[in-house]
Each structure stands twice: as structure tokens, then as C-alpha cells.
Amino acid sequence: MNFVSCFRQQRFIFAQICQNLKKRNRFISTFRLQHELICDKTTNSLHHRCCSSTAQLNQCDQDDATNRNKLFKFHNEWPSTIKSEFLRDMILLEDFVSETEEVQLVAEAEKTMKRARMRYQYDHWDDAIHGYREIEKVEWSPENEQIFQKIRQIAFVANVLPHVHILDLAADGIIKPHVDSSRYCGSTIAGLSLLTDCIMRLKRVDENEYAQSREGDNENATNRPKPNIQNEENKEFDYFVDVLLKRRSLYVMKDSARYKFSHAVLATKSTFNDKEVIKDRRISIICRNQA
Ligand code: OGA
Ligand code: MN
């Protein structure tokens, strides 16, 4: 396929996705995403052509800012460059799947875990996750596969791992702060958050510390490094953001959001903008790209 038809096809696919998502009325930043997806892909400037006019982008940025204010709560002093990088690299799409699609995904995830006789694990308190079971799955039903195709088109440029990670976190389970191992996971993590609202906290970390653990033995069998305890005293990195992950939303955490921040899912009762958020049992379905 020559370059121009490849580009046209990409535009067409993206227009379709945007239309579907807009129907659900909650799509944050269509234009921003469109811009990033296409600009990410190549250094060729032709790809910038599909960006909308400045006026549209500004309008979109305003909508985006309003939505993000509702869903992102920044704490402490953020250096402005880091904050704009973060806003570019952490994308949140509410209502990414419908209730029916959620039921369908959860049913297949549960069936897979049941067949593998998976039990919730509570025993290793020093692991990054507590109160969970997890499995990786390659073959999905055609309806669910369609959802993953949509995620792959939106979130990844290339090299998506063939398996999808199912993580079933019990109501009292938590994900402690950690950065996914660079040995097994590339620059992008896209996660569908199902069954409950919850809060994901992303806290600035010193990348150098994690760079060392890439080669080291600081990893458990599930490829997550131990939760980080460094930087607790380091004021330079003392800022974080709470992201309200509503049931059925998709997050895409890439580049700076993936490497410069640890991520965690807070325990059962937490507050977001002074409102209590009760996390119940949660199933997340996560796609990653290759390291
Ligand atoms: C993980 C993780 C996030 C999520 O499995 O490493 O951070 O959304 N999961 O469940
Ligand atoms: Mn993780």
C-alpha cells in the first residue's frame, strides 16, 4: 500500500472510531487524540494535515480542560513542562464500552479464570498487588476482539502484544504504587476499567531508580517491580494526580505518564474532590505494547 492510501485508510478508520465514540457523547478530546495518533506515527509532515483548524483545536482544548478538571485532581506543585507532558500522555475516555459490552467482557474474563482455577492472592504483602487474580489471554470471542481492535487502533502505533491481560481485583484488593517493568512492557499501557469506579493515583518518580531495576532482580513473577518506596522524602518529586476512573472507561498511559510516574489503584474507600469513592470488585483488561 502506498503512503497516501495508507494515510487515507488511517484517517477513515479514525473518523469511524470518533463517530462511534461521539455517539456516546463523552469522548474527550477527539481532535487532540486524532492529532497525537497521527503525528506519533511518523516524522512525515503529511500526517499533520488531518489536524483540524486552530479554532476547533482551541474549542476542543477547552472541552478537554473542563473534562479533565472533573476527572483529574492534581496535588502539590507540578512543574509546568511535566504537567503539559502528562496531559498529553494520559488519555481518559469515559464510557468507552457500553453496559452490554462490559457484561460480555466480564463473562469471558470470568470464564477464563474459572477454567484455570484461579484464586485471589493475598499472601505476598510486599508484591505490587494484593487481593487479586490475573491471567493473560490471546483468543477472544469475535465481539470482544472487536473491542480490542478499537483499543489497538486508538492507543497503539505498532507492536501491540498479542495477549490481553485480565486483572481481577477483589473489593478489598489494592494495586500499590509501581512502574511496569520495561523488560516486558513498551511505552504504552491501555486499560479498560470495569465493574466499579475507582481512583488511580499517579505519582512522580525518579526514572533513574527504575532504570536500574530493569536489569536487576527487583521483579516478581508477574513482571511488576516491587512497589516503590523511594522518593517519600524527596520534595522534588512530591507531586501526584488522582484520576477518577469511572466504570467502563479506558485509560491510555503512555511515555511520560508511563515512565515518569508510578501508578496505583487506591483502596476501597477514598475521596476524590471531597466525595467518597467506593471501590468494589474491579476487573481491568489491559493491552500493552512490546518492550
Ligand atoms: C498492572 C496494573 C492497572 C489496572 O497490572 O500492572 O497496574 O488498571 N494494572 O488494573
Ligand atoms: Mn502496572
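In case you missed it, the structure is sitting above this.
Given the structure is predicted, the values throughout are model-derived calculations rather than measurements.

Visitor: Could you give me a rundown of the coordination of the manganese ion (ligand 2), with the residues and numbers involved?
Guide: For the manganese ion (ligand 2), the full set of protein donor atoms is His178 (NE2), Asp180 (OD) and His263 (NE2), and the range of their distances to it is 2.0 to 2.2 Å. A residue is classified by how much of its surface remains accessible, and histidine 263, at 7% relative accessible area, is buried.

Visitor: Account for the packing of aromatic side chains, with residues named and values stated.
Guide: Within the structure shown, the criterion is met by ten aromatic pairs. Each ring, one from phenylalanine 74 and one from tryptophan 78, has its centre 4.8 Å from the other, and the planes form 85°; the classification is edge-to-face. Judged by its relative accessible area of 23%, phenylalanine 74 is partly exposed. Judged by its relative accessible area of 11%, tryptophan 78 falls in the buried class. Here the aromatic rings of tryptophan 78 and phenylalanine 261 are separated by 5.3 Å at their centres, their planes lie at 15°, and the arrangement is stacked. Of this pair, tryptophan 78 sits in the loop between β1 (72–75) and α4 (80–89) while phenylalanine 261 sits in strand β9 (residues 261–265), placing them 183 residues apart in sequence. The burial state of tryptophan 78 is the same as that of phenylalanine 261; both residues are buried. An aromatic cluster of three or more residues is present, and its members are Phe72, Phe74, Trp78, Phe86, Tyr239 and Phe261.

Visitor: Mind laying out empty space enclosed by the protein, listing which residues take part and the relevant values?
Guide: Under the defined criterion, the tally for this structure stands at three cavities of 30 Å³ or more. Looking at the largest cavity, its volume works out to about 130 Å³. Residue lining of the largest cavity: 18 residues in total, with Ile175, Tyr251, His263, Ile286 and Arg288 positioned closest to the centre. Put simply, the parts of the chain that give the lining of the largest cavity at least two residues each are β4 (164–178), β8 (249–254), β9 and β12 (282–288). Each residue belonging to the lining of the largest cavity can be placed in one class, and the counts come to ten nonpolar, four polar and four charged.

Visitor: Tell me about the pattern of salt bridges, and please be specific about residues and values.
Guide: A complete count under the given rule lists 15 salt bridges for this structure. Lysine 254 is the partner of aspartate 89 in a salt bridge, and the nearest nitrogen-oxygen pair spans 3.9 Å. You can see aspartate 89 sitting in helix α4 and its partner lysine 254 sitting in strand β8, a full 165 residues away along the chain. For aspartate 89, a relative accessible area of 0% translates into the label buried. Given a relative accessible area of 7%, lysine 254 falls into the buried group.

Visitor: I'd love a proper account of the nonpolar core, names of residues and values included.
Guide: In this structure, Phe72, Phe86, Met90, Met200, Leu202, Tyr251 and Met253 are the most contacted members of the largest nonpolar core, which totals 33 residues. Those elements that provide at least two residues to this core are α4, β2 (90–93), β3 (129–137), β4, β6 (198–204), β7 (240–245), β8 and β9. Sequence-distant contacts of methionine 253, that is, excluding residues within four places in its chain, are made with Asp89, Met90, Ser187, Thr188, Ile189, Met200, Leu202, Arg258 and His263. Listed in part, the 26 residues of the second largest apolar core include Ile91, Trp140, Ile285 and Cys287.

Cut-off values and rules
Residues numbered from 1 in each chain as written. Chains lettered and ligands numbered in written order. Predicted model: local features only at pLDDT ≥ 70, side-chain atom pairs only at ≥ 80, totals over all residues. Heavy atoms only, no water. Donors = N, O, S within 2.8 Å, 3.2 Å for Na, K, Ca; no water. Buried < 20%, exposed > 50% of the residue type's maximum accessible area, 1.4 Å probe, protein only. Phe/Tyr/Trp six-rings, centres within 6.5 Å; stacked < 30°, edge-to-face > 60°. Helix = DSSP H or I, 4+ residues; strand = E, 2+ residues; numbered from the N terminus. 1 Å grid on protein atoms, 1.4 Å probe; cavity = no way out; pocket = protein on both sides within 12 Å on 5 of 7 lines; lining within 4 Å. Points joined across faces, edges and corners; volume = space filled by probe spheres on them. Nonpolar A, V, L, I, M, F, W, Y, C, P; charged D, E, K, R; others polar. Salt bridge = Lys/Arg side-chain N within 4 Å of Asp/Glu carboxyl O. Core = buried A, V, L, I, M, F, W, Y, C linked by side-chain atoms within 4.5 Å. Contact = heavy atoms within 4.5 Å.

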